[in-house]
Amino acid sequence: MQRIGVFICWCGSNIAATVDVEKVSEVIKQEKGVVFATNYQYMCSENGQQIIKNAIKEYNLTGIVIGSCSPRMHEATFRKAAQAAGLNPYMVEVANIREHCSWIHKDRAEATEKAIILVRTAIAKVLLNTPLAEGESPVTKRALVIGGGIAGIQTALDIAEAGFEVDIVEKNATIGGRMAQIDKTFPTLDCSACILTPKMVDCAQNEKIDILSYSEIESVQGFVGNFTVTIRKKARYVDENKCTGCKVCMQYCPSKKGLNEFNMNMNTRTAIYIPFAQAIPNVAVIDPEQCIKLKTGKCGVCKLKCSAGAINYDMKDEFIERKYGAIVVATGFKPIDLDNFNEYAYKDSKDVITSLELERLMNAAGPTNGVLLRPSDNAHPKDITFIQCVGSRDVSGCGKPYCSKICCMYTAKHAMLIREKYPDTRVHVFYIDVRTPGKNYDEFYRRAVEQYDVDYIKGMVGKVFPMANGKLLVQGSNLLDNEQIFIESDLVVLATAIEPEPSVRKIATLLATSIDTNNFLTEAHPKLRPVESPTAGIYLAGVCQGPRDIPETVSMASACAAKVIGLLVKDKLKTNPCIALTNENMCNGCSQCANVCAYGAISYIEKEFRLGGGKTEVRRVSYVNPAVCQGCGACTVTCPSGAIDLKGFSSKQIMSEVETICKK
Amino acid sequence: MVNRDLLLKRAEELFDAGAVERVLGWTNGEFSYDQSPAVFSNKEDLANFVYDAFCGANLSKYLIEQTRQKKKTAVFLKGCDTFSFNQLLNEKRINRDFVKPIVIGCEGKLDINKIKEKVEGVIEDVSVEGNTVTIKTLDGTYTFDDKREFMLEKCLSCRGIAEVEDAEEIDIEHQFVSDGDRFSMVHKLENMTEDERFAFWQAELSKCIRCNACRNVCPACSCVKCVFDNDQSGVWTKAPADSFEEQCFHIIRAFHVAGRCTDCGECSRVCPSHIPLHLLNRKFIKDSNSLYGEYQAGVETDAVHPLIKYTEQDLDPTKAVAKTEGSNE
C-alpha cells in the first residue's frame, strides 16, 4: 500500500495570492493513498525541505508530491531532499501549480480548483512510480567548437588553457570570422585586427587546439560526454601541410575575377587565394568556381609555380570522425539580405552600402586601402547619411522584429571616425531610438553628437532616390520638428539588421537542439542557464544565441568554456534513469524504434522464448542500450506493438494522469 | 492465363524436387466461393489445392508462422500480396531464407457479396470466361458480360505487382491493373460536412461485431501480443463495452497500421458486416502522401515510411494540421 505525502508551496505570494493553498492541502488530504498533506511558505527553503524530510520519516512515506513551481526549477532540490530522508529520488513528483496555474489565472476559485486537479494528477502518477537508479557513462575529454570567429576562438583558448583538447571547425578557409572584417571596435576604437589576430595566432600555436578550417559538420551522434561527429574537410586543392603561404601562386593565377568575400565582394581576388594577410591557417585555397584548371582542365600555373609542391587538383572532400564530450556552437551572424528594402536603393546604386561594407572601405586592408572613397566614382564623399534600424525592430514582416543591438554603437563609431578623419564631411544619422547601454557606451555616443557634431535626426527614411547628378536624395522625416526633410548625399550607409548564420539551422537539427522563429538557438534558461542549450552537452557562444557585441560575445565564450571544462573534468556522468525499456514478450522486432532513435541506442538481438509445452522459439527483439538512451520517448510512441515503455514516464502513468485530469 | 493446373503442377514439382517442405495456397471452404488459405505439407495434400476467382485471400501473413518454424515454404503471391510480402520483410517479420516466393499474375478476384445482390437463389457455381461471369443458382443461370461489376474493391484499385527479389514468376503478363482513382471515395467523405461524415462512420462502425477478423487478416497487424488481447494493457476489457469503443477500435487500428498499411484491402474483404474499413486506411495514406510526399508501403524492403522519418523538408506540424483540416473545403 502506497503512502503518499503532499507538500503545497506558497512560493511567497507567487502561488498563494491566486491559489488557496490551505484549501488545496485540505482537499488533497482526502485523496486515496494520501497520508499527509501540508502547505508552507517556501518549500524549497531549508525549513521547507526539513518539513518534507521529517514527514517522510514520520509517516513512512513511499512517495511524495510537491505542488510548487515548474519541475525545471526545483525538481532536483526536492529529489535530493527525499534521498536525504531515505526515499528513492524518483518517487518524487512535482505538480506545477505556479507556471501552469497561479501565474496564468486571475480567478482565485478557478485557480484553486485547477491546482487541486494538477496535484491529483501528480498523485495518480506517483502511485505508479517505481524506484529508479541512476547509471554512469564515461566522458570523452575533448571539446568541439563549431565556428572560428571571436566566440569560437575565445572558447577554444579557454578550454585549451585548462588542459583539454579542443577542435575548431570553421567552414571558411580561415578562422577570424566577422571580427576580422571589422576596422575599429567600440567604445575604445582600437583596431579590430590588432586585438583579434594575436588570439588567432594563439589558437594556431596551442598544442591542444586543432583548427579544422574549410570544414563542416556532417553528422552528429551520441549524447553528452559521448558525441561522435563526422566532419567534412572540403577539398581546398592545396595541401595544408606543404603550403608555406608565400602567395607566389596568387601572383601568377590568371583567373582574377572571383569576388573577394572578405571585402564584402567589393573587389576581386584570384582563384587561388589566401583570404587575408593574417589568415590562420596561412594556407591558400582554390575556388573551384573560378579555377580554370578545375573548370576546363587547362592551366595548372599555380602548380607549376608552387615550389612547395602543395597544389593538388585531384583533392577530394575528406571525412573525419572524432569523439567529443562537449560541443560549443559559435556560428555567428550575417547581415540580412536587403531584397525586401527596395526603398533604400541598395540594388540600384553602388553608393548605398551596408555598414559591414563601410568597415571594409575604411580598413587599411580593404579595397580602397583605408581611404574612404565612394564606390561609384572613387570620389571623396562629402555628405554621408546613415540609416539605422534597416530591417531591425521591423514588425512589418520585411525585416526582423528584434533589435540587432550593435548598430547604434557602430553607427556612432562610423560617424565619429569619418568626422575625425575627414572633418569637411557632413554626417547625418537617422534613428528611431539610440540605444547605448553598456560601460562607456553612452559617453561614446554623446561624444559623436557633442564633440564630433554628428547630425542625429530622429525619424525614419522613406526613400533614397539616385539622382541624375550622381548624388542620392534621402527623403526622411524629422519627428522632433515634425517635418519632412531631404538630404542630398554622396554615400548612404545602411545599419543592416543581423541574423544568425543560415547554416545554424542545419547544425541545430544535427545537434537535436532547439531554435527559435528567428533562427537563434534557444538557451536552456534565459536568465539562469544562458550559455547552455536545452540539449545536454551543447553550449552556445556569441550571436548564434542572440544579438550581442564583441565584449558580450567574449564573456559568453569564456562562460561556455567554464561550462565545458566543468563537464570535461568529470570522469563519469550520472545518467538519467528515465530511459526506454523493451518488453521482449511483446516486441516483434519490426525495427521501427531503431529508425526513430536519434541516439543510436537501439539494436536487435535474437532471443529464445519458452512457448510452453517444452517448446521454444527464437525471436528478434529490440534492445535499448541504457548508457546511450536519453529517455526522449520517441521509440515508445513509434512502437506499433506498445512494446517499449519509458521508465518514470510509462504509458500507464501518463494515461493515469490524463484520466485524472479528465475526471469530473 | 494462371489456372489451378498450372500452380498445382509447379507445387508438385517443388515437392518432388525436395525444394520446399510446405506450400502456402488455397483450399475449398464451406461453399464453392469461400476459398481459404491453406498450408500443404506434402504432394498428396495438394489434391485439395484450389485456385479460382475467389482466391482473394492474401497469403503473406501466414509466412510469419511458417518461417518461424523454419520450414522452407513456397508461397503464391498475387499482385496485392507482393506489397504485403515486401512490407513484412521490411518489418523483419518473415525469415526470407525459408521462403520460395512465386509471383502470379491475377486478373481480379470476385466479391461474392456483389454477386449475391444480383442473383436469386442459392449459388451453386460461378465461372469466369474472359470478361463474362456465369452464375448458376438453384433458380437458374445468370450471365453478365462485365466482370468488373463483381470484382473485389481491392481489385478495382489494384496497383499491379511489386518487385519481389529472387522470386519465380508465373504468367505475370496477365495482370489486371486499375486505372481508377483509389481515393475517390475518400474525396467524397472529405467533401461531406462534419456531421454527415460522423453519421456515415457511425452507421458503418456500429455494424461492427468485434469479431476481430480485420485484425486477424491484416498483414500489418502482426504484433506478438495485440493490446486488445493483453490483460496487462488496460484496454482489453473496454473494447467490446459499447458502440463508442467499437468506433475507437477501428480508428486506433488505422493509426496502428498507418505508414505500414499497403492498402491490400483484406480488412474490408473479410468484414462480415461489410464495413468499408479500407477507407480509414486510405484517408491516412492520402494525407501522408499530400503532407510528406508519395509513399507506397511494400514497394521496397528497406524503405523507412514517412511517419517515422525526419527530413529537413518535412512540413511544419502546425501547417500539416491546417492542410489536412483544409482538405474538406
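Residues numbered from 1 in each chain as written. Chains lettered and ligands numbered in written order. Predicted model: local features only at pLDDT ≥ 70, side-chain atom pairs only at ≥ 80, totals over all residues. Heavy atoms only, no water.

**Student:** It is not clear to me how the overall build of chain B should be interpreted in this structure. Could you clarify?
**Tutor:** When its secondary structure is counted, chain B shows twelve helices and nine strands. In summary, chain B has a C-alpha radius of gyration of 21 Å against a globular reference of 20 Å for 329 residues, a match within 12%. Taken over the C-alpha atoms alone, chain B extends approximately 60 × 50 × 40 Å along its principal axes. Counting only residues that meet the buried cut, chain B has 49% of its 329 residues in that class. Within chain B, contacts between residues separated by at least 24 positions form 67% of all contacts whose residues are at least 6 apart in sequence. Here chain B displays about 16000 Å² of accessible surface, and carbon together with sulfur accounts for 49% of that area. (Helix = DSSP H or I, 4+ residues; strand = E, 2+ residues; numbered from the N terminus. Rg over C-alpha atoms; globule rule 2.2 N^0.38 Å. Buried < 20%, exposed > 50% of the residue type's maximum accessible area, 1.4 Å probe, protein only. Contact = heavy atoms within 4.5 Å. Areas by Shrake-Rupley, 256 points an atom, 1.4 Å probe, with all protein chains shown as cover.)

**Student:** Explain the environment of A:Glu261 to me, please; I cannot follow it from the model alone.
**Tutor:** Residues and elements named next belong to chain A. Among the secondary structure elements, Glu261 is positioned in the loop between β13 (258-259) and β14 (268-269). Residues contacting Glu261, with those up to four places away along its chain left out, are Gln181, Arg269 and Tyr273. One polar contact links Glu261 to Arg269, side chain to side chain, over a distance of 2.8 Å. (Polar contact = N/O pair within 3.5 Å; in protein donor to acceptor, adjacent residues only side chain to side chain.)

**Student:** Would you mind showing me how to read the environment of B:Ser60 here?
**Tutor:** Residue and element names in this part refer to chain B. Within the secondary structure, Ser60 sits in the loop between β3 (49-50) and α2 (62-68). Under the relative-accessibility criterion, Ser60 is labelled buried at 0%. Sequence separation of Ser60 and Ser32 is 28 residues, and the distance between their C-alpha atoms is 23 Å. Here Ser60 is in contact with Leu77, Asp81, Ser84, Phe85, Leu88, Ile94 and Pro219, once residues within four sequence places are set aside. A distance of 2.7 Å separates the side chain of Ser60 from the side chain of Asn58, its partner in a polar contact.

**Student:** Mind showing me how you'd approach the nonpolar core here?
**Tutor:** One recurring pattern in soluble globular proteins: nonpolar side chains tend to sit buried together. All names here are of chain A. Core analysis: the biggest nonpolar cluster contains 74 residues, and Ile209, Val229, Ile327 and Val329 have the highest contact counts within it. For Ile209, the residues in contact, after removing those within four places along its chain, are Ala156, Leu157, Ala160, Val166, Ile168 and Cys203. Cys11, Ile15, Phe78 and Ala122 belong to the second largest nonpolar core, which has 41 residues in total. (Core = buried A, V, L, I, M, F, W, Y, C linked by side-chain atoms within 4.5 Å.)

**Student:** How do you make sense of unusual backbone geometry when you look at a structure like this?
**Tutor:** Trans is the common state for peptide bonds, and a negative phi is the common state for residues other than glycine. The peptide bond linking A:Phe186 to A:Pro187 adopts the cis configuration, its omega dihedral lying at -5 degrees. Mapped onto the elements of the fold, A:Pro187 is located in the loop between β8 (184-185) and β9 (190-191). For the peptide bond that leads from A:Ile280 to A:Pro281, omega is -5 degrees, which places it in the cis range. Within the secondary structure, A:Pro281 is located in the loop between β15 (272-273) and β16 (285-286). Phi angles above zero are rare outside glycine, and B:Lys92 is one such case at about 55 degrees. Position of B:Lys92 relative to the elements: it lies in the loop between α3 (79-90) and β5 (99-104). A relative accessible area of 38% means that B:Lys92 is categorised as partly exposed.

**Student:** Whenever I open this one, the pairing of strand β6 (residues 123-129) of chain B confuses me. Can you help?
**Tutor:** Residue and element names in this part refer to chain B. As defined by bridge partners, β6 adjoins strand β7 (residues 132-137) across six bridges and the pair is classed as antiparallel. Looking at β7, one finds that Asp125 is bridged to Lys136. Between β6 and β7, which pair antiparallel one after the other, the connecting turn spans two residues, and Gly130 there sits at a positive phi close to 60 degrees. (Pairing = 2+ DSSP bridges.)

**Student:** Help me understand the interface of chain A and chain B, please; the structure alone is not making it clear to me.
**Tutor:** A common way to report how large an interface is uses the accessible area buried once the components associate. Counting residues at the interface gives 21 residues for chain A, matched by 19 residues for chain B. Taken together, both faces of the contact between chain A and chain B bury some 1600 Å²; the carbon and sulfur share is 55%. If you sort the residues of chain A by the area they bury against chain B, A:Met586, A:Asn588 and A:Gln592 come out on top, with a joint share of 29%. Residue A:Glu617 pairs with B:Arg68 through a salt bridge whose shortest N-O separation is 3.7 Å. (Buried area = accessible area lost by both parts, 1.4 Å probe. Salt bridge = Lys/Arg side-chain N within 4 Å of Asp/Glu carboxyl O.)

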